[in-house]
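Understanding the architecture of this molecule
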2 protein chains.
Amino acid sequence: MSEPRANLPRPAPAPSVSIAAVARHANVSVATVSRVLNGQQVVKPATRDAVMAAVQTLGYRVNEMARNLRTAESRLLLVLVPDVGNPFYAEIMRGIDSVARQHGYLVVLCDTGADVEREHTWFDLLRRRRADGAICLDPDTVQHALAHDNAHLAWVACAEFDPAMAVPYVGIDNRLAARDAVQHLLERGHRRIGLINTDETWLYARQRKQGWHDALTEAGITPRADWCINTHSLDYAAGNAAMTQLLALAAPPTAVFAVSDTLAIGALAGARSLGKRIPHDVAVVGFDDIALAAQTDPPLTTVAQPMRQLGETAVQLLLDLLADRGRPPAHVLLPHRLALRASA
Amino acid sequence: MSEPRANLPRPAPAPSVSIAAVARHANVSVATVSRVLNGQQVVKPATRDAVMAAVQTLGYRVNEMARNLRTAESRLLLVLVPDVGNPFYAEIMRGIDSVARQHGYLVVLCDTGADVEREHTWFDLLRRRRADGAICLDPDTVQHALAHDNAHLAWVACAEFDPAMAVPYVGIDNRLAARDAVQHLLERGHRRIGLINTDETWLYARQRKQGWHDALTEAGITPRADWCINTHSLDYAAGNAAMTQLLALAAPPTAVFAVSDTLAIGALAGARSLGKRIPHDVAVVGFDDIALAAQTDPPLTTVAQPMRQLGETAVQLLLDLLADRGRPPAHVLLPHRLALRASA
DNA sequence: TAGTCGAATGTAAACGATTACATTTTTGTA
DNA sequence: TACAAAAATGTAATCGTTTACATTCGACTA
């Protein structure tokens, strides 16, 4: 379509051109070719040109497997994610991917299902030199189980982290963020505030529950146990079911804080299917600020995490670690923000 | 937590144990160790045990970079996706990932933004032996631009494909599927049926438009040009805007077919913000059947694609190609299905 | 013009596996 | 017991780079 390129002389398909072939063709040694390719300054311009010409006509491309063997790095990074379908992780992935690629690394997305066994097999890739390092987003319980056998491997924690662990991490202050969210509901006059929480194998779940608890007790309210539902997944259906359960209480909450936008969006659907209007009958606040949160009916008020930046920082920490294995683990806390919309 | 492992004797951290070290330790040659590790039958059980014991005590793990150089395969597959945030692709990825891993391959997710230049840089990874093959989900226009320079590389098309191209592919019959969707609306009595289509650089967009056209003309209706909106992206906001535009017509459609669930869900939001009720004021049918489609208000009627199976089949085709580069390109068409819900 | 010293280039040894091919051991048979 | 054949193991080349070290080339000085 764009432009005819039929008569452009193309290099032959050339199934396998080695650096030796280039050297022969340019009448130099392989060392010189390598130096040119790696941009070393010691090469005379004339030879450099000759080499580049040979590269061009032969259609040479470096064999990265060979290079990697020699330099002892695979330039592959693992990202261990409990659920690749969750949009929260998708956005973090974007941040990871962009920074990684800037530094010449490829990223492999690993679906762990938050399972220790599967995590172990993924970590094994590091031992087999298949990858140089890993970014782990799995529950802290899983991370603890891993830490023992994998202390000498290069990995960092992202979004989910235990400050007590000797591993670099980046995340937000979950307890404070949750407290902010619930306080916002309190300011709007709500007194009965439910919590849709997820599996408490997650440290962030325990922390956010704490924040919910903090805000309520500070307001002189005693949190009731039946205001709090723990789901076993983060999908829309789980949020839907949890909301249904909350609204079936004798004195149902007038507001609900969900620890994830996917749960919150499911909760919206659940409330609606019972004929409730939002935020009139029940207000909802989510957590994460995924793209979809602005498109729901009504748009979702939520705690915004800097997802992209979480990913970017995680890679940075990992590359720092790779560059200097001796340094003490770095810790980064990023700021959160309340995204005010119509659902609360 | 689970069980104390403190007193289990663990292999030393052992930063870099080579096959030679194992051979020395077991009093055999490297060849024998290699044979044991690769499960060859010629090894005497006694020696096998000795080798395995050495492997155990030394904590040896094969260095896959070295193995890959020798065997001339990287065991890495590329998946070229125009937009990793789109849940449709996320589900396909799952299918790809599971089959790939079953065969010992890792998968790298590549965000191309449907851009030819970026595609080219990704394909370059194949030339540099960084990856063995690729699965491309980009627009057929992009694929055509690629086909010329990359004919000798191993890649297949998935979901988006041009039957005329000499590349293996898997997908569905888009034209027929769209026709089915619109026919369903016709059966419900609709006569003015709008189309929210995406950028027609996509062949599937042109095909689905054809299907919409087919169904209408078969019913004796002349499709009007202003019933058809082309968006420039697939996100929720684009669907929202398109619906707003359609409902502003003098005689607005009573039903809308969107070529993607994300567009359809955005369209739901757009209709609602104008005070329209669905399906009473305007019916909506989507395409793909992503997980979210069942959780919208009302749940979305949509054309279900076998996303997971699309991914699984794509890998299968690619591995077949890798195994035998001579064979003619295989073509697979998978069945679609209408998922009937409340939005139409 | 010989000698010195950088700069430019070449030689060859890694990296850590796989695998023809050669060699040794074992087994079976006469 | 000796010998052939089969089974088990060993030796060393190879994959395609990078890079320490050795060598050659030129320009400049005395």
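Located above this text is the structure these notes cover.
Attention here is on the structure that accompanies the text.

What counts and what doesn't
- Residues numbered from 1 in each chain as written.
- Chains lettered and ligands numbered in written order.
- Predicted model: local features only at pLDDT ≥ 70, side-chain atom pairs only at ≥ 80, totals over all residues.
- Heavy atoms only, no water.
- Least-squares fit on C-alpha atoms with pLDDT ≥ 70 in both.
- Near = heavy atom within 4 Å.
- Polar contact = N/O pair within 3.5 Å; in protein donor to acceptor, adjacent residues only side chain to side chain.
- Helix = DSSP H or I, 4+ residues; strand = E, 2+ residues; numbered from the N terminus.
- Contact = heavy atoms within 4.5 Å.
- Nonpolar A, V, L, I, M, F, W, Y, C, P; charged D, E, K, R; others polar.
- Disulfide = S-S within 2.5 Å.
- Axes fitted to C-alpha atoms, helices over the stretch in contact; angles between N-to-C directions.
- Parallel < 35°, antiparallel > 145°, perpendicular 65-115°, else oblique.
- Left-handed = near helix turned anticlockwise from the far one by under 90°.
- Core = buried A, V, L, I, M, F, W, Y, C linked by side-chain atoms within 4.5 Å.
- Buried < 20%, exposed > 50% of the residue type's maximum accessible area, 1.4 Å probe, protein only.
- Pairing = 2+ DSSP bridges.

1. Concerning the relation of the copies chain B and chain A
Superposing chain B onto chain A requires a rotation of 180° together with a translation of 0.0 Å along the rotation axis, leaving an RMSD of 0.1 Å. The transformation just described matches what one would write down for a two-fold rotation axis. Closest approach to the rotation axis within chain B is made by the C-alpha atom of V108 of chain B, at a distance of 2.5 Å.

2. Quick word on the protein's contact with DNA strand D
Neighbouring residues of DNA strand D: 26 residues in total, closest I19, S34 and R70 of chain A together with S29 and R70 of chain B. For DNA strand D, the backbone portion of the atoms within 4 Å of the protein, that is sugar and phosphate, comes to 63%. Within the contact set of DNA strand D, a phosphate oxygen lies 2.8 Å away from a side-chain nitrogen or oxygen of T47 of chain B. At the level of elements, helix 2 (30-37) and helix 4 (64-71) of chain A together with helix 2 (30-37) and helix 4 (64-71) of chain B are the ones that each hand at least two residues to the surface near DNA strand D. Of the residues forming the surface near DNA strand D, the biggest block, 4 residues, is contributed by helix 2 of chain B.

3. Section: the environment of E91 of chain B
Residue and element names in this part refer to chain B. With respect to the helices, strands and loops of the structure, E91 is situated in helix 5 (residues 87-102). Each C-alpha atom of the pair E91 and I265 lies 18 Å from the other, and the pair is 174 residues apart in sequence. Residues within four places of E91 in sequence aside, it is in contact with M307 and R308.

4. Focus on the protein's contact with DNA strand C
With respect to spatial proximity, 26 residues lie near DNA strand C, and among them S29 of chain A together with I19, S34, Y60 and R70 of chain B are the closest. In the interface set of DNA strand C, defined as its atoms within 4 Å of the protein, sugar plus phosphate atoms amount to 63%. Residue V42 of chain A places a main-chain N or O atom 3.4 Å away from a phosphate oxygen belonging to DNA strand C. Taken together, the residues of the surface near DNA strand C break down into 12 nonpolar, 9 polar and 5 charged.

5. Structural notes on the state of the cysteines
Following the criterion strictly, the structure yields 0 disulfides over all chains and no others. Free cysteine C158 of chain B: the closest other cysteine sulfur is in C136 of chain B, separated by 9.6 Å.

6. Looking at the packing of helix 10 (residues 236-247) of chain A against helix 11 (residues 261-273) of chain A
Residues and elements named next belong to chain A. Closest axis-to-axis distance for the helix 10/helix 11 pair is 6 Å, and the angle between their directions is 50°. As judged from the angle between their axes, helix 10 and helix 11 are oblique. For the pair helix 10 and helix 11, the sense of crossing is right-handed. For the pair helix 10 and helix 11, the contacting residues are Y236, A238, G239, N240, M243, T244 and L247 in the first and T262, L263, I265, G266, A267, A269, G270 and A271 in the second.

7. Side note on the nonpolar core
In terms of nonpolar packing, the biggest core is built from 160 residues, with F257 of chain A together with F257 of chain B touching the most fellow members. In contact with F257 of chain A, other than residues within four places in its own chain, are A178, A181, V182, L185, G194, L195, I196, R208, V285, G286 and F287 of chain A. Grouped together as the second largest cluster of nonpolar side chains are 38 residues, L106 and W155 of chain A together with L153 and M165 of chain B included.

8. Regarding the sheet that holds strand 12 (residues 337-339) of chain A
All names here are of chain A. The strand order across the open sheet formed by 6 strands is 7-6-8-9-10-12, and the pairing between neighbours is mixed. The open sheet has two free edges, formed respectively by strand 7 (228-230) and strand 12, since each of these has just one partner strand. Between one strand and the next, the sheet's axes are offset by a mean angle of 20°, whatever the strand orientation. As judged from the 3 bridges shared by strand 6 (residues 193-197) and strand 7, these two strands associate in the parallel manner. In the strand pairing of strand 7, N197 is matched with N230.

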